[in-house]
Amino acid sequence: MRFFKYFIFLSFWVVGLSCGGGTGTKSSSGGELFDLTIIHAGPDTLHQYGIELDLVRVEESFLLKMGDQEIPVQIEDRNNNGTPDKMYTLVDLWPGTSTKLVAYAGTGMEMLNAVKLHANLIDGKEVTGKHLVNFEEKWTANGIVMENEWVGYRAISTAPYAMDIIGKRKPDLLDSPINVDLQHVSNWGGDALDEGLSLGIGSPAIFDLESIVPMTKYDSKEIEVIQTGPLRAEVHTTIKGLPVRDEKIDILIKWQMQAGKPWAQFNVSILSKTNLNLQFAFGLPKHDEATDFTQGQTNNVHFAYTYGLQSSANEHLGMAIMVPGRFEMDTYRDDPHNYFYLATPINQAVEYRIMSAWVQGRLAIYDEVAFLDLVRKYVAEYGSVVTVKPDFRL
């Protein structure tokens, strides 16, 4: 089972990560297991672009190389059947190029986490695998936290279950369980968002008959920790029995974060059969000292942002949402605490990303123009068309 641990193979000067060094062990490799060709036809250079691949008939650990140079890879056994079934890697891609990666049997140099998930109850229990939420239980740091060297996001465990922003002044990742008070900003960082009565940044809800249905009342909630790093962290939340009109529906929320990026991604789907004409709602808090919910579309990606004095200490903070252009989008502005994007689901599902930059944080964004430039950078990345062609030597 050791090869189901996650291995990162590469010096950080190559992958652009700055969160620590390796164990000092040398990599060892055998024969080729598979290769993949990555084709990037777009006009922009993509730095540390995330590549996910479902593995076919791969039953052993492997390292990944681009030419003679090892690159980082996270090997995952998601169905817990004893063999790896998915891999995740980060690569630099240049415009109009084809990049070939080769997997070799063996192990490589294990590195420290570049992204990390914290899921701990205050009684000391670390939540791993599936966990049925008890309405009375309390969480360390008041929820589940994901962080990388740039930013952290927190799913607050109490109503209204808002998504919070953890601003970072230093790249260091926290210990688990978190032993610092995130509510107070320290030299490391802390709570950067004044969410007030809002749902925070990008918390999903349902839109039905001109009304927002937040996911605050339900029959049960199950959390499943899927990955805790080192290149990608992911947690799934299943909400059962959400009352919508005269029905109860089940919702699956997949939340992930990768190394080196200021965004987190959500994939939200309705699991129940329903005849209701529903949309997904997610948005940003309203603040008197911030800009309006400003929208745009480029690179076949919808985006919206706010910028202004909306941090927990009344400092400048920018927040944004990005949605692939294949989704039909509307807006809802009548809520007193939130601006909402409304997305018409495709196959009962929607995908989107949230991102943020705090004036006191490591991204050092000091005005709206600079934040909009940052948003456009990651919109372009999100809209890039990258093709992955594997050859599993079958």
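If you're wondering where the values come from, they're calculated on a predicted model, not measured in any experiment.

Tallying secondary structure elements over the chain gives two helices and 27 strands in all. On C-alpha atoms alone, the chain measures out to a radius of gyration of 21 Å, which is about the 21 Å that the 2.2 N^0.38 rule sets for 394 residues. Projecting the C-alpha coordinates of the chain onto the three principal axes gives extents of approximately 60 × 45 × 45 Å. Looking at the chain as a whole, 55% of its 394 residues are labelled buried. Partitioning the contacts of the chain with sequence separation of at least 6, the portion at a separation of at least 24 is 69%. As displayed, the chain has an accessible area near 17100 Å², and 47% of this comes from carbon and sulfur atoms.

The subject of this paragraph is the environment of Met319. Relative to the assigned elements, Met319 resides in strand 23 (residues 316-324). Judged by its relative accessible area of 0%, Met319 falls in the buried class. Taking the C-alpha atoms as reference points, Met319 and Ser356, 37 residues apart in sequence, are found 4.4 Å from one another. Ignoring any residue separated from it by four or fewer positions in sequence, one finds Met319 in contact with Ile165, Leu193, Ile201, Leu284, Pro285, Ala304, Tyr305, Thr306, Gln310, Met355, Ser356 and Phe371.

Let us look at the sheet that holds strand 18 (residues 247-258). Within a beta sheet, neighbouring strands are joined by backbone hydrogen bonds and run either parallel or antiparallel to one another. Ordered by their spatial adjacency, nine strands build an open sheet running 9-16-17-18-19-26-23-22-21, and the pairing between neighbours is antiparallel. Whereas interior strands pair on both sides, the edge strands pair on one side only; in this sheet they are strand 9 (129-132) and strand 21 (294-298). Across the sheet, the mean angle separating the axes of adjacent strands is 20° when strand polarity is ignored. Sheet topology note: the strand 17 (residues 232-244)/strand 18 ladder contains eleven bridges and is antiparallel. Looking at the pairing, His236 lines up with Lys254 of strand 18.

On strand 14 (residues 205-208), burial covers both faces: Ala205 and Phe207 on one face and Ile206 and Asp208 on the other are all buried. The pairing of strand 14 with strand 15 (residues 211-214) spans four bridges and is classified as antiparallel. Following the sheet pairing, Phe207 is matched in strand 15 by Ile212. Counted along the chain from strand 14 to the antiparallel partner strand 15, the turn is two residues long, and its residue Leu209 has a positive phi close to 50°.

For the rest of this paragraph, the subject is unusual backbone geometry. Going from Ala159 to Pro160, the amide bond is cis rather than trans, its omega being 10°. Mapping Pro160 onto the fold places it in the loop between strand 11 (151-156) and strand 12 (163-168). For Asn314, which is not a glycine, the phi torsion comes out positive at approximately 60°. The phi angle at Asn347 is positive, at roughly 55°, despite the residue not being glycine. Among the structural elements, Asn347 can be located in the loop between strand 25 (338-343) and strand 26 (349-358). Asn347 gets classed as exposed once you look at its relative accessible area, which sits at 75%.

Let us look at the packing of aromatic side chains. Given two aromatic rings, their pairing is described by the distance between the two centres and the angle made by the two planes. All told, the structure shown has 14 aromatic pairs when counted by the stated rule. Judged by centre distance (3.7 Å) and plane angle (10°), the rings of Phe282 and Tyr352 are stacked. Of this pair, Phe282 sits in strand 20 (residues 279-285) while Tyr352 sits in strand 26, placing them 70 residues apart in sequence. Accessibility expressed as a relative area gives 1% for Phe282, which makes it buried. Using a relative accessible area of 0% as the deciding quantity, one classes Tyr352 as buried.

As a further point, take the side chain of Asp92. Along the chain, Asp92 turns up in strand 6 (residues 86-93). For the buried Asp92, which has no salt bridge, the nearest side chain bearing the opposite charge is Lys261, at an N-O separation of 7.3 Å. A distance of 2.8 Å separates a polar atom in the side chain of Asp92 from the backbone nitrogen of Gln48.

The next thing to look at is helix 2 (residues 368-382). Over its 15 residues, helix 2 extends 21 Å from the first C-alpha to the last, a length consistent with the 21 Å expected when each residue adds 1.5 Å. Among all positions of helix 2, only Phe371, Leu372, Leu374, Val375, Tyr378, Val379, Ala380, Glu381 and Tyr382 are buried. The N-capping residue of helix 2, defined by a side-chain oxygen 3.2 Å from the backbone nitrogen of Val369, is Asp367.

Before going further, it helps to spend a moment on the nonpolar core. Counting 75 residues, the largest nonpolar core has Tyr153, Ile251, Phe282 and Met355 as its most contacted members. By residue number, the principal contributor to this core is helix 2, which donates seven residues. With residues up to four places along the chain from it excluded, the contact list for Ile251 reads Ile206, Met215, Thr237, Thr238, Ile239, Leu242, Val268, Ser269, Ile270 and Leu271.

Now for the confidence of the model for the chain. Any residue range with low pLDDT should be treated as having predicted coordinates unsuitable for detailed reading. Averaged over every residue, the pLDDT of the chain is 90; the share at 70 or more is 92%. Between residues 1-25, whose pLDDT stays under 50, and residues either more than four places distant or in other chains, the model counts 83 contacts.

We now examine the sheet that holds strand 2 (residues 46-54). With antiparallel pairing, three strands are arranged side by side in an open sheet as 2-6-5. At either end of the open sheet lies a strand with only one pairing partner, and these are strand 2 and strand 5 (73-76). Neighbouring strand axes in the sheet, compared pairwise and without regard to direction, differ in orientation by 20° on average. Pairing analysis gives seven bridges linking strand 2 to strand 6, with the strands arranged antiparallel. Its bridge partner being in strand 6, Asp54 is matched across the sheet by Lys86.

About the criteria used
- Residues numbered from 1 in each chain as written.
- Predicted model: local features only at pLDDT ≥ 70, side-chain atom pairs only at ≥ 80, totals over all residues.
- Heavy atoms only, no water.
- Helix = DSSP H or I, 4+ residues; strand = E, 2+ residues; numbered from the N terminus.
- Rg over C-alpha atoms; globule rule 2.2 N^0.38 Å.
- Buried < 20%, exposed > 50% of the residue type's maximum accessible area, 1.4 Å probe, protein only.
- Contact = heavy atoms within 4.5 Å.
- Areas by Shrake-Rupley, 256 points an atom, 1.4 Å probe, with all protein chains shown as cover.
- Pairing = 2+ DSSP bridges.
- Axes fitted to C-alpha atoms, helices over the stretch in contact; angles between N-to-C directions.
- Phe/Tyr/Trp six-rings, centres within 6.5 Å; stacked < 30°, edge-to-face > 60°.
- Lys, Arg positive; Asp, Glu negative; His and termini not counted.
- Salt bridge = Lys/Arg side-chain N within 4 Å of Asp/Glu carboxyl O.
- Polar contact = N/O pair within 3.5 Å; in protein donor to acceptor, adjacent residues only side chain to side chain.
- Expected span 1.5 Å × (residues − 1).
- Core = buried A, V, L, I, M, F, W, Y, C linked by side-chain atoms within 4.5 Å.
- pLDDT = per-residue confidence, 0-100.

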